[in-house]
Amino acid sequence: MIHPAAARAAMARALAAAELSGADDVPVGAVVLGPDGAVLASAGNRREADADPTAHAEMIAIRAAATRFGDGWRLTGCTLVVTLEPCAMCAGALVAARVSELVFGAWEPKTGAVGSVWDVVRDPRVTHRVTVRAGVMESECAAVLRDFFAHHRS
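All of the points below concern the structure found in this document. (Residues numbered from 1 in each chain as written. Predicted model: local features only at pLDDT ≥ 70, side-chain atom pairs only at ≥ 80, totals over all residues. Heavy atoms only, no water.)

### Quick notes on the overall build of the chain
Alright, step 1. In terms of helices and strands, the chain carries 5 helices and 5 strands.
Alright, step 2. Listed N to C, the secondary structure of the chain is α-β-β-α-α-β-α-β-β-α in terms of helices and strands.
Alright, step 3. Relative to the globule expectation of 15 Å for 154 residues, the C-alpha radius of gyration of the chain, 14 Å, shows essentially globular dimensions.
Alright, step 4. C-alpha atoms of the chain, sized along the principal axes, occupy 45 × 30 × 30 Å.
Alright, step 5. For the chain, contacts bridging at least 24 residues in sequence account for 58% of all contacts bridging at least 6.
Alright, step 6. Of the roughly 7,500 Å² of accessible surface on the chain, 54% is carried by carbon and sulfur atoms.
Alright, step 7. Of the side chains in the chain, 15 bear a positive and 17 a negative charge, and the two mean positions are spaced by 5 Å. (Helix = DSSP H or I, 4+ residues; strand = E, 2+ residues; numbered from the N terminus. Rg over C-alpha atoms; globule rule 2.2 N^0.38 Å. Contact = heavy atoms within 4.5 Å. Areas by Shrake-Rupley, 256 points an atom, 1.4 Å probe, with all protein chains shown as cover. Lys, Arg positive; Asp, Glu negative; His and termini not counted. Charge placed at Lys NZ, Arg CZ, Asp CG, Glu CD.)

See below:
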């Protein structure tokens, strides 16, 4: 498992990646680390900017990391760090890509699929289970989302 200090440093990178999100996209950032801790990919949400329902930060970062690591799709030994608890689609992608560890910041009580609504990545019925560390820099990650929605829903 990633060391707590390394998890915080990686989450700071994920927060910076959230700034890559499109202007109308929810600012979520994701970073994929290789087994050696090197950054393989980072991304922000682009669903609105790209008119693509799958353009979540996690999906974009997983796709990019898969081109740089492994056999083209397996991310065994890698860690995904994301500012918000993944949804069902992204949690499924973590399992499918064989990501070893997930680190996330803020909980998502409406659509979260890593403990809030579902727990896709640790379900005993799936072929691969992901180790999870939740709540890393939670208040900082939640603040970015609060600020975004305060300006977009007023």
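### Remarks on the nonpolar core
Alright, step 1. Of all hydrophobic cores here, the largest spans 47 residues; its most connected members are Met11, Leu80, Leu94, Leu102 and Val121.
Alright, step 2. Mapped by element, the contributors of at least two residues to this core are helix H1 (4-18), strand E1 (29-33), strand E2 (39-44), helix H3 (57-68), strand E3 (79-84), helix H4 (88-96), strand E4 (101-106) and helix H5 (138-152).
Alright, step 3. Discounting chain neighbours no more than four positions away, the residues touching Leu94 are Ile62, Leu80, Pro86, Val99, Leu102, Val121, His128 and Val130. (Core = buried A, V, L, I, M, F, W, Y, C linked by side-chain atoms within 4.5 Å. Buried < 20%, exposed > 50% of the residue type's maximum accessible area, 1.4 Å probe, protein only.)

### Thoughts on the pairing of E1
Alright, step 1. Counting buried positions along E1 gives 5 out of 5 residues, so the element sits mostly inside the fold.
Alright, step 2. The two faces of E1 match: Gly29, Val31 and Leu33 on one face and Ala30 and Val32 on the other face are all buried.
Alright, step 3. Between the antiparallel neighbours E1 and E2 lie 5 residues, among them Gly37 with a positive phi of about 90 degrees.
Alright, step 4. Note that E1 and E3 share 4 bridges and pair antiparallel. By the bridge assignment, Val31 is partnered in E3 with Val81. (Pairing = 2+ DSSP bridges.)

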